[in-house]
Amino acid sequence: MSVSHYFDTMDYGPAPESDTDARAWLARHSDGFGHFINGAFTAASAGSLFDTNEPATGKPLARIAQGTQADVDSAVAAARAAQENWFAIGGHARARHLYALARMVQRHARLFAVVEALDNGKPIRETRDIDVPLVARHFYHHAGWAQLQEREFADQVPVGVIGQIVPWNFPLLMLAWKIAPALALGNTVVLKPAEFTPLSALLFAELAAQAGLPAGVLNVVTGDGATGAAIVAHPDVNKIAFTGSTDVGRLIREKTAGSGKSLTLELGGKSPFIVFDDADIDAAIEGVVDAIWFNQGQVCCAGARLLVQEGIAQDFYARLKRRMGKLRAGTPLDKTIDIGSLIAPSQHERVRKLVEIGVKEGATCYQPDISMPVGGSYFPPTLLTNVHPASTVASEEIFGPVLVAMTFRTHDEALAIANNSRYGLAASVWSETIGLALAVAPALKAGVVWINSTNLFDAGVGFGGVRESGFGREGGREGCYEYLKPRAWAKRVARSAAVKPVAAIVDSVAASARLPLVDRTAKLYVGGKQARSDGEQSLGIFGANGKLAGEVGLGNRKDIRNAVAAAHAAASWSATTPHRRAQALYYLAENLSARAEEFAARLVELTGVSADAASNEVEQSISRLFAYGAWADKYEGAVHVPPMRGVALAMVEPIGVVGVVCPDESPLLAFVSLVAPLLAMGNRVVIVPSSRHALIATDFYQVLETSDLPGGVINIVTGAAATLLPTLAEHDDVDALWTFGDAALSATTERLSTGNLKRTLVDYGLATDWNDALSAEGPAWLRHATQIKNVWVPYGE
């Protein structure tokens, strides 16, 4: 062919990247890779190896050790032995180590890019231009946090030994997302890469040791799901950081329940890609290419649901199909391709079956007539139109190069369709009207929103989801807190065995005849009104002297459901201004102050504390309401400046409806300390007060009745925590659950919260000093009362 022919046709020829260095490295380990433990490769304890294959050809690539319980024990022991010294060397020393790791990645960038492409099947262009530079960026960025740790996180300490489990779609990048902040802040790591793609993690560990990283700080144990399960269950692992499927995330939540392990989960997604009729259509088409055909659609935040406004839908589809015809598929090391191989034949079969189901359910399938390589696990770029929002392909994560398309008429309908998902990881909004885009972004149920862009990532901008896409953030300051814990909380000790509450279920009519001095039963407080309990039974509340102080309603499952419904109906509270919320909290403090003597007397009666101690608890409660009134309009987001022409707005958002179970100690102050930060941040609350001292809470709703809080913002259901907690934990419309009390309640909370993967805050039976502002007040509580949504806004022509 002549040069003029190629100028006329613009055909691409193959441009393969050399794999000589990568093959040489593999040859040096031809006998098989061991685990990387305590600074060196070690043979698997059972001597068991398995093959990892090239997705593009199906040919064996390397022999990998299958991790056993003994291997995990060795790795955790090495990490534990190294952790204290690693933290003790100080932030500057750790910063220098992370800087060395960043430079190491840059020096070996080509080797990492080729190994990743061979092992994963993705195009070398993506590993070279996206994955590896972002890996280096994460270590540079977190070297900075290590340097600043003593000043910026003075009230925090490391979590300890971190178990990290990463997926096969971004093996090296996910490693960096997790290892960089963990090491920067003084933790040590046991990492398990995916069994399909362990090579870049093993290469990283080998080169990290050569770069001077101390032995035991980073340990890599390879293997299948059983190896990951051993890390999750290990009693000396303090935190699990997992990226992977929602089903496995649920299992991890269940297995770690009550263990005291910290947990972050970055799970699946079915992200909407919303195109309004005023969008730059050609730009949006290129956005679609990046959203769904990047890494063959094997991306948790892939823009897999295309929502196009009706007026431009047919034009958009036509242009999109023309663009699909220009996509090139080929072998991963070809620098001119757009689409590589899926990870394995099993994934190829899953994608094929889901497309088949979509067609059977009425979708129209389009696949361009482009050349596909022979062999390997290649799947063509696919567009499914005429998709119903309730269809399988619109709701299930396909995790392949398959785009499902739907239309909408108004922006309200677009939001309804976009939020009609159990996931909530990311979303992309395309409109030339920036006001419209910025109005839609906060209303989307997603942890990340890209405006006129997609799949933007940076170490300084947090990433993570809501709903069944998991909880926690990776990157930025918010990601650092996932690897830290408040210094004051680290000092908590087990709650001493309290005196069993003297309480009994009594029949209201019989009790009134038997005890004429008790003339009323305190009701529940639901939707801004006093309400009788559904079962119309009462719980006797006894004072410190053993005498009956009064009765409260005995709530049941229906009462909890009614309270949750009332909380959802009060959604306007989450949208009200921080100033308005601050005023409401100040007013609550004012009304409590007016009845301070009454509440102090009640505390003396119920708890037996001195009059001075009771008065102090009331004053502390008033002060705490004032504190969160002050925080309400001052706990704000940030404007990140990633390396691009644009900004990322870190928006602080309420979680939604939060269930709260209160402890017995300091019954008024604990009640206020748990409710106030949630109210300040715009949440609505269903609270189960201390069953032993429930009259404090029923007295407090009289304060609420004289305040200006909208009905349903606070709902109080009295009764036995052990009976009411399961309904709160299992309720899909409860977005988070805070439980303070004995260790069994914490375990129940975490175990039963797996249904919608709600966020939890529990104390594992450790006592909080509610009088200590460092322990019981401030930003640590506000972080748990909020979630961060990062909205990316590019600018310029």
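The text that follows walks through the structure, step by step, so that each part is easy to find. This structure is a prediction, so every number in the text was calculated from the model and none was measured. (Residues numbered from 1 in each chain as written. Predicted model: local features only at pLDDT ≥ 70, side-chain atom pairs only at ≥ 80, totals over all residues. Heavy atoms only, no water.)

### Considering the packing of aromatic side chains
Tallying each qualifying case throughout the model produces 25 aromatic pairs. Ring centres of Phe153 and Tyr481 lie 5.2 Å apart, and the angle between their planes is 90°; this geometry places the pair in the edge-to-face category. On the criterion of sequence distance, the pair formed by Phe153 in the loop between α6 (124-152) and β5 (156-158) and Tyr481 in the loop between α17 (476-480) and β19 (484-486) is long-range, its members being 328 residues apart. Between Trp738 and Trp781, the aromatic rings sit 6.0 Å apart at their centres with planes inclined by 55°, giving tilted as the arrangement. One end of the pair, Trp738, is in strand β31 (residues 736-739); the other, Trp781, is in helix α30 (residues 779-784), and 43 residues separate them in sequence. (Phe/Tyr/Trp six-rings, centres within 6.5 Å; stacked < 30°, edge-to-face > 60°. Helix = DSSP H or I, 4+ residues; strand = E, 2+ residues; numbered from the N terminus.)

### Section: the sheet that holds strand β17 (residues 448-451)
Across the sheet, 10 strands lie side by side as β13-β14-β15-β12-β11-β16-β17-β33-β27-β26; this open sheet has mixed pairing. Strand pairing shows two members of the sheet lacking a second neighbour, β13 (364-366) and β26 (638-640), which therefore form its edges. Pairs of neighbouring strands in the sheet enclose a mean axial angle of 20°, with direction left out of account. Pairing of strand β27 (residues 646-654) with strand β33 (residues 786-794) involves 9 bridges; the strand directions are antiparallel. Note that in β33 the partner of Ala650 across the bridge is Asn790. Contacts from helix α12 (residues 313-324) reach β11 (272-275), β12 (305-309), β13, β14 (382-385) and β15 (402-408), with the element oriented near 135° to β12. Each of β16 (426-430), β17, β27 and β33 touches helix α16 (residues 434-443); the most contacted strand, β33, lies at about 155° to it. (Pairing = 2+ DSSP bridges. Axes fitted to C-alpha atoms, helices over the stretch in contact; angles between N-to-C directions. Contact = heavy atoms within 4.5 Å.)

### Let's talk about the pattern of salt bridges
Using the criterion set out here, one finds 36 salt bridges in the structure. As a salt-bridge pair, Arg495 and Glu665 come within 2.9 Å of each other at their nearest N and O atoms. Of the two residues, Arg495 sits in the loop between α18 (487-490) and β20 (503-506) while Glu665 sits in the loop between β28 (657-661) and α25 (667-680), which places them 170 residues apart along the sequence. The exposure class assigned to Glu665 is partly exposed, which follows from its relative accessible area of 23%. It is possible to trace a salt-bridge network through shared partners that takes in Asp247, Arg250, Glu396, Arg422 and Glu468. (Salt bridge = Lys/Arg side-chain N within 4 Å of Asp/Glu carboxyl O. Buried < 20%, exposed > 50% of the residue type's maximum accessible area, 1.4 Å probe, protein only.)

### With respect to helix α20 (residues 557-569)
Given 3.6 residues per turn, any residue in an α-helix points the same way as the ones three and four places further on. The end-to-end C-alpha distance of α20, which contains 13 residues, comes to 19 Å, matching closely the 18 Å that a straight helix rising 1.5 Å per residue would cover. Listed in full, the buried residues belonging to α20 are Asp559, Ile560, Ala563, Val564, Ala566 and Ala567. For α20, the angular spread of buried residues about the axis comes to 160°, placing them on one side. Seen from the open side of α20, the exposed residues pointing more than 90 degrees away from its buried face are Arg557 and Ala569. (Expected span 1.5 Å × (residues − 1). Arc of directions from axis to C-beta.)

### Points about the nonpolar core
Core analysis: the largest hydrophobic core is formed by 111 residues, its most contacted members being Phe139, Phe204, Trp293, Leu306, Phe316 and Leu320. Setting aside chain neighbours within four positions, we find Leu320 in contact with Ile285, Val288, Trp293, Leu306, Leu383 and Leu403. Listed in part, the 69 residues of the second largest apolar core include Val552, Ala596, Tyr628 and Phe700. (Core = buried A, V, L, I, M, F, W, Y, C linked by side-chain atoms within 4.5 Å.)

### Details of the environment of Arg645
Examined against the element boundaries, Arg645 turns out to sit in the loop between β26 and β27. Note on Arg645: relative accessible area 55%, which makes it exposed.

### Considering the pairing of β11
Covered by surrounding structure in β11 are Pro272 and Ile274 together with Phe273 and Val275, the residues of both alternating faces. As paired strands, β11 and β12 are joined by 4 bridges and run parallel to one another. Note on β12: the bridge partner recorded for Phe273 is Leu306. Handedness of the β-α-β unit built from β11, helix α11 (residues 281-292) and β12 comes out right-handed. (Right-handed = clockwise from strand over helix to strand, strands pointing away.)

### Describing unusual backbone geometry
Of note in the backbone geometry, Arg467 takes a positive phi value of approximately 55° without being a glycine. Locating Arg467 in the fold gives a position in the loop between β17 and β18 (470-471). Within the chain, Ser666 stands out as a residue other than glycine whose phi angle is a positive 40°. The residue Ser666 is located in the loop between β28 and α25 in this model.

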